[in-house]
Amino acid sequence: MAGSKFFERSALGPLLDLLRSAWKKAVRFGEHLSKGAADARRSARAARGQEVREREGATVPLGTGDQRSWMEGVGSPKAAREPRPEGFVVARIAGEAEVHRAPHVLVEEGLSNHADPSTWGAGGGIVGEPVGGGPPVEASAPAAPEGGGDSEDLAPRAPAPPMDAAPPASPPQRHQRGATPWDEGLGELPSAYQDDTFLALPRDPTTLWLFWDFAPSTIEEARRDLVDPRVRLRLFDEGGLVREQDLALESRSFYLHDLAPGRSYRAELLVVGANGEHRIGSPTNQAALPPKGPSSIVDDRFATLPWGLPLGGDLDLLTHGVSLAGIPESERAALWAASRPGERLGGSESLGGGSQSGRPWVSSRER
Amino acid sequence: MKGYLVLQLHAHLPFVRHPEHERFLEEDWLYEAITETYLPLISRFETLADEGIPFRLSLTMTPSLVQMLRDDLLQWRYGEHLDRLCELADKEVDRTRHEPRLHDTARFYHHHFNHLRWLWHERYHRDLVGAFAKLQDRGVIEIITCGATHGFLPLMQTQPEAVRAQIAIAAAHYRHHFQRDPVGIWLPECGFYPGVERLLAEEGIRYFFVDTHGILDAQPKPRYGVFAPLYTPAGVAAFGRDPESSEQVWSAGTGYPGDPVYRDFYRDIGYDLDLDYVRPYVQATGDRKSTGFKYHRITGATADKDLYDWRAAFAQADRHAGNFLFNRERQIEHLALVMGDRRPVVVAPYDAELFGHWWFEGPVFLEMLIRKAAYDQNVFRLATASDYLRENPSQQVATPPLCSWGAGGYSGVWLDGSNDWIYRHLHRIAEQMIALARDYAQPTPLERRALNQAARELLLAQSSDWAFIMKTGTMVEYAVQRTKEHVLRFQRLERQIRSGTIDEGWLGYAEGKDNIFPELDYGIYRPRA
C-alpha cells in the first residue's frame, strides 16, 4: 500500500486516476452496449477521460461531473417517483414560475409516470387517489355516517411504539410513504359530513368561493312536493339579489367570478319547481370581498399611541383619531407613484421586467 | 438622518419531523436551511455585534421553526447531517486535487462545513433559538412571531376561535422561548383581513406587515403611501412592503441573485457525479438529491455552466450591497423631501432562506450592507418596526383590505382548484375543536391529553404550506398525506373523546409524533361569551 501512496503523491498520480476512471467507465461502456450506438459513442468518450460538450465541442475539466448524468438511470426524471425535494423551497423563495423553469424536475407534471400513481411502488403514495385532489363528489370513499366516524377504528392495531425513544436502528429508509413502522390504520377521509354546512369564502376582489355539505334529509325536505325540481343559486349583496343561476348540487362547491369588489355577499341554494321553491338549509355567512385599487375616501385622521400604551381589544381609533388637513394632491400622487414602481410583487411569484416607470428617483444596478 | 430602512427576514419552515423514519427527505428542508441560512446569519450577526457595529434587523421565527430547532431528535439528526457533509468535504478535497479551480472550491467547502460544525456543536451547543435570542437580548435583532402553524388566516375568518388560537398559541410559544412578549407578528403569507387586528391587540402585538397594496388600498386613502405605517382602528400598526427594494433583491429576472458570478443553485454533485460516489449522500433509494456541493456559477441562460469562483462571487455581493445602499439613500432622500416633516420608512421584507439557501452569497450581502449602512452613509438608519413606532407615535388611521403577498395579492394561491378540497375538512374539524373546548371544561387528565393532541392535529393540518405545495405542484403527495393524516388523527381523537374510549397507547404515539407545542392548552378554542 505504501507503493500505492507513493504513486498517488508522485507525478504518476493523475495518470493513475485517469486509468482508474477509464477502467470504471469502460466497464460501464460494456453494460450500455445494448443501448445503441449513440450511447456507446458517449461512453467511449468517457472512457478516454474526455467528456465533451456536445454543442460546443469544448473540453470540460475533469471532475466537474456531467450535467446530463441526472437525466439517466436511477433517480432520473423517468424513474423518479416524485419531484425533487427542493421544489418547495424554490417555489416559496423564488416563485412558482421558477419551479417550471428549473433544470430539474421540481413539479409533478415533469414526471414521466405522473399519470400512474400506482407505479410508485410499495409504500409509495396514497394509492388510488389523484395527486393534488381531495375527495371530490365522485370519490369512492363511503360517506360518513351521521355524527362522523369511519371504518378505520375496526382495523386491528399493533401496540404503540415508544416515540420518545431513540430513533430505530434499522438501515436508513428514505422517504417511505404510507408504510410507517406502526400502521395507524387511519383510513381515508370521509367524502362528506352531511352537516348542512354552507360557507362563503372570499378569494379575491371579484371571486367568491362557496361550498356546501347538506344532509340528504335537508335536500329531501327542500325537494318535497315540488314538480320538476332543479337547484338554483341566488347571490345577494347589501342591495339585494345580484345573481341567480342553476347549478348541480353534486358539485359541492362553486366559484362565483366577476363580482363587484369591496361588497359583502350572501348566497342561498334553493330547489325550484314548477309549483314553487324551497330553500336548502340556511344561507351562507356574509362574506366581504376586498376592494380593488385605492380608496376614494380621503380622510387624514391621525392618532398618537405612545409605545407603552396597552392596546385594548375595544379601541377604535377611527372614532377617536385627530383629523389633519389633507396634503396637496400632487404630493400624494408622488408618494403613490413611489409606492408602485412596477407591477405588484407576490411572495410566490417573481417580478419580471423591472419596470422603473413612475419611480421618481434614479436607481441603478451599478453604482 | 432622514429616514429608516427596516430589513425584515421571515424564517419559516413547516413542521417536518418524522421520528417514525430514520431519515426522511422533507427533514432536509430544515437541515439545508440551518446549514445555508440560519448558521451563517447568526454567525455574521454575532461578528457584527462583537465588533460594535450599530445595526438593527427584524426576524420572524415561526413557532413551527422554533419548535423544530429546539427538538432533541432533529438536533441530533442535524448533527449527523453535518457529519456527512464534512465527510463528503474530505472526499471532495481528495477527488479534486488535480483540478486547481475545483480544488480551491472544494477546500472552501471543507473549511465552510467544518466551521459550521464547530459553530453548531461548540459555539451554539445545537441551540440556534438560544443563539438568536441572545442576539435579541444584545439589541441587534428583534424577533417577531407568526401564526402558530402558519395557517392562512383570511380563509379561517368565519371561525374566529381558530384564528385566535393561531395567534394566541404563537404568542404563548414566543413567551416561553424568548422570555418576553412578542411586539410584532408576520401574519402567515402576509394574510390580513379586517378584524384580525383586534385579535392581535388582545395579545399585545403592536405591528404586522402587509404587501404593498395592503397599504395603498386601505381605507381611507393613506397619506404617505407605503412609506409610513397605518394604525388600524385597534391601534396595531400595519407596515407595507416597499416594492423597489424588494425587486432589487427578490426578482428572479433583475435581482442581484441572478448575477452570472453567483453560485448556481441547481448544479450539484448529487446530480452530476457518478452515483456510486455520491450514493451515501443522496437518498438511500438511489434517487439523487442536492448535497450542497456546487461547483458552477449561474453563468447565464445556458446549460453549460462555468466554474464557480467564491472569491469573485463574494466580491460581487459586496458591490451589490453598495448598490443597494446607494439606491436606498437616493430613495429615502427623495421621500424625505416629499414627506416634509415626516421621516419615511422603507420596509424591505424577504424570506430569510433567500439569503444563503437560494442566494448562496446572500449572507455576505447582508453583512456588507450592514457595515456600509453603519459607516458609509448618514441618510438612513437600520431600524425595526418597533424602533420606528417608538420614535414616531403619531400615524394615520386606516384599515387595510383583505390581502396577502401571494401571487395575485389575495387568497388565490391557497384557494384554488388544486387545493380547495381541504377547506371542507379544515372547517369541519375546527368546528369540532371549538365544540370540544366548549363541552369539556373540566376534563380528566387523559381527556386533557387527548384534547390537547386534537388541537395540535388541527393546527398542523391548517399550515398554509400544504395548500401552497398543492398549488405549485411540487411535493404534492407529501402535502396531501400530511393534510389527511392530521385531519384523520383529529377525527379519531374526537370520536374517542366523545365516546369515552381514548386509546392511551395510540394517543402516546400521536403525542410523540406530532409533538409541537407541548405546553398548549386546548381551552383557547373555547367560544367567548
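These numbers come from a predicted model, not from an experiment. (Residues numbered from 1 in each chain as written. Chains lettered and ligands numbered in written order. Predicted model: local features only at pLDDT ≥ 70, side-chain atom pairs only at ≥ 80, totals over all residues.)

Once that is clear, we can look at the domain arrangement of chain B. Residue and element names in this part refer to chain B. Taken domain by domain, chain B holds domain 1 (3-70 + 127-263 + 325-397) and domain 2 (421-525). The C-alpha-based centres of domain 1 and domain 2 are spaced at 29 Å. With 24 residues of domain 1 at the contact, the number on the domain 2 side is 19 residues. For the side of domain 1 that touches domain 2, the elements supplying multiple residues, two or more each, are α2 (63-69) and α6 (160-178). Considering every element that reaches the side of domain 1 that touches domain 2, the biggest residue donor is α6, with eight residues. Residues of the side of domain 1 that touches domain 2, tallied by class, amount to 11 nonpolar, eight polar and five charged. (Domains from an automatic or database assignment. Contact = placed C-beta atoms within 7 Å. Helix = DSSP H or I, 4+ residues; strand = E, 2+ residues; numbered from the N terminus. Nonpolar A, V, L, I, M, F, W, Y, C, P; charged D, E, K, R; others polar.)

The next thing to look at is the sheet that holds strand β5 (residues 253-256) of chain A. Whether parallel or antiparallel, the strands of a sheet pair through hydrogen bonds between backbone atoms. Residues and elements named next belong to chain A. Pairing in this open sheet of three strands is antiparallel, and the strands run β1-β2-β5 from one edge to the other. Edge positions in the open sheet fall to β1 (197-204) and β5, since each of these has one partner strand only. The average angle at which neighbouring strand axes cross in this sheet is 20 degrees, direction not considered. (Pairing = 2+ DSSP bridges. Axes fitted to C-alpha atoms, helices over the stretch in contact; angles between N-to-C directions.)

Across chain A, pLDDT averages 67, with 50% of residues at or above 70. In the model, residues 113-179 of chain A has pLDDT below 50 throughout and makes 113 contacts with residues more than four positions away in sequence or in other chains. (pLDDT = per-residue confidence, 0-100.)

Attention shifts here to the packing of helix α12 (residues 310-339) of chain B against helix α13 (residues 362-375) of chain B. Residue and element names in this part refer to chain B. Where α12 contacts α13, the axes come no closer than 8 Å and their chain directions differ by 45 degrees. With respect to each other, α12 and α13 are oriented oblique. The two elements α12 and α13 meet at a crossing, and its hand is right-handed. Residue-level inspection shows F314, A317, D318, H320, A321, G322, F324 and L325 of α12 in contact with α13, the latter providing V364, F365, M368, L369, K372 and A373. (Parallel < 35°, antiparallel > 145°, perpendicular 65-115°, else oblique. Left-handed = near helix turned anticlockwise from the far one by under 90°.)

Another point: the environment of H18 of chain B. As for its placement among the helices and strands, H18 of chain B is situated in the loop between β1 (3-11) and α1 (27-50). When near neighbours in sequence (up to four residues on either side) are disregarded, H18 of chain B contacts F24 and E27 of chain B.

With that settled, consider the pairing of strand β6 (residues 264-273) of chain A. All names here are of chain A. Bridge count between strand β3 (residues 230-237) and β6: seven bridges; the pairing is antiparallel. When the sheet's bridge partners are listed, R232 is paired in β6 with L270. When β6 meets strand β8 (residues 287-288), the two strands line up antiparallel, connected through two bridges. For S264, the partnering residue across the bridge sits in β8 and is A288. Bridge count between β6 and strand β7 (residues 276-279): four bridges; the pairing is antiparallel. Residue pairing in the sheet places G273 in a bridge with G276 of β7. In sequence, β6 turns back onto β7 through a hairpin of two residues.

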